[in-house]
Amino acid sequence: MANTVFESKASWAGGLKLNLQSRNHKWVVDEPEILGGTDQGPNPVELVLGGLASCVGVLVSLYAPAHKVELKDFHVFVEGDLDLDGFQELAPVRPGFSQIRYKVDIQTDSPKENVDSLLAHIERICPVKDTLSGVGVLSQKSGSSVAA
């Protein structure tokens, strides 16, 4: 397959709340009340963590048969360390995550070496993990528009 462009659009819904859309899927993003939001949805950094968790999860489901892993159930746990002083410009620390960790808990009767092979494969090919490892993010200049 050739390069594919994926898109998301955020539209302001008042306060710190945004309506997001990708293809025909819509969801709400908001900040928790302690950060000035109304807690009507996950915040942007939680979406990043959820993106990694869901990408790993999709890959577990997709590649388990090829690695002869019979899934009974599985969970992906993701957590990240973020110093809120960074994006609030209260201290000279980076505004993003300083570290992100994930763990996959697979319930299976399959041999441990098969599960280890599956997890190594996923670690190597996960697009979201790869992106978080250091892709450049470009800000394209956009003009402002005046509401009529």
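Residues numbered from 1 in each chain as written. Predicted model: local features only at pLDDT ≥ 70, side-chain atom pairs only at ≥ 80, totals over all residues. Heavy atoms only, no water.

### Description of the domain arrangement of the protein chain
(1) Moving on: Here the protein chain is partitioned into domain 1 (7-42) and domain 2 (43-133).
(2) Moving on: Its C-alpha centre places domain 1 at a distance of 23 Å from the equivalent point of domain 2.
(3) Moving on: On the domain 2 side, the residues contacting the nine residues of domain 1 number six residues.
(4) Moving on: Between the two partners, domain 1 and domain 2, sit zero salt bridges. (Domains from an automatic or database assignment. Contact = heavy atoms within 4.5 Å. Salt bridge = Lys/Arg side-chain N within 4 Å of Asp/Glu carboxyl O.)

### Side note on helix H3 (residues 112-125)
(1) Moving on: Its 14 residues place the ends of H3 20 Å apart at the C-alpha level, agreeing with the 20 Å of an ideal helix rising 1.5 Å per residue.
(2) Moving on: Along H3, the residues classified as buried are Asn114, Val115, Leu118, His121 and Ile122. Buried positions in H3, seen along its axis, are confined to an arc of 125° and lie on one side of it. In this structure, H3 carries Lys112, Glu113 and Arg124 as exposed residues pointing more than 90 degrees from its buried face.
(3) Moving on: Buried residues in H3 make contact with helix H1 (44-63) and strand E5 (97-107). (Helix = DSSP H or I, 4+ residues; strand = E, 2+ residues; numbered from the N terminus. Expected span 1.5 Å × (residues − 1). Buried < 20%, exposed > 50% of the residue type's maximum accessible area, 1.4 Å probe, protein only. Arc of directions from axis to C-beta.)

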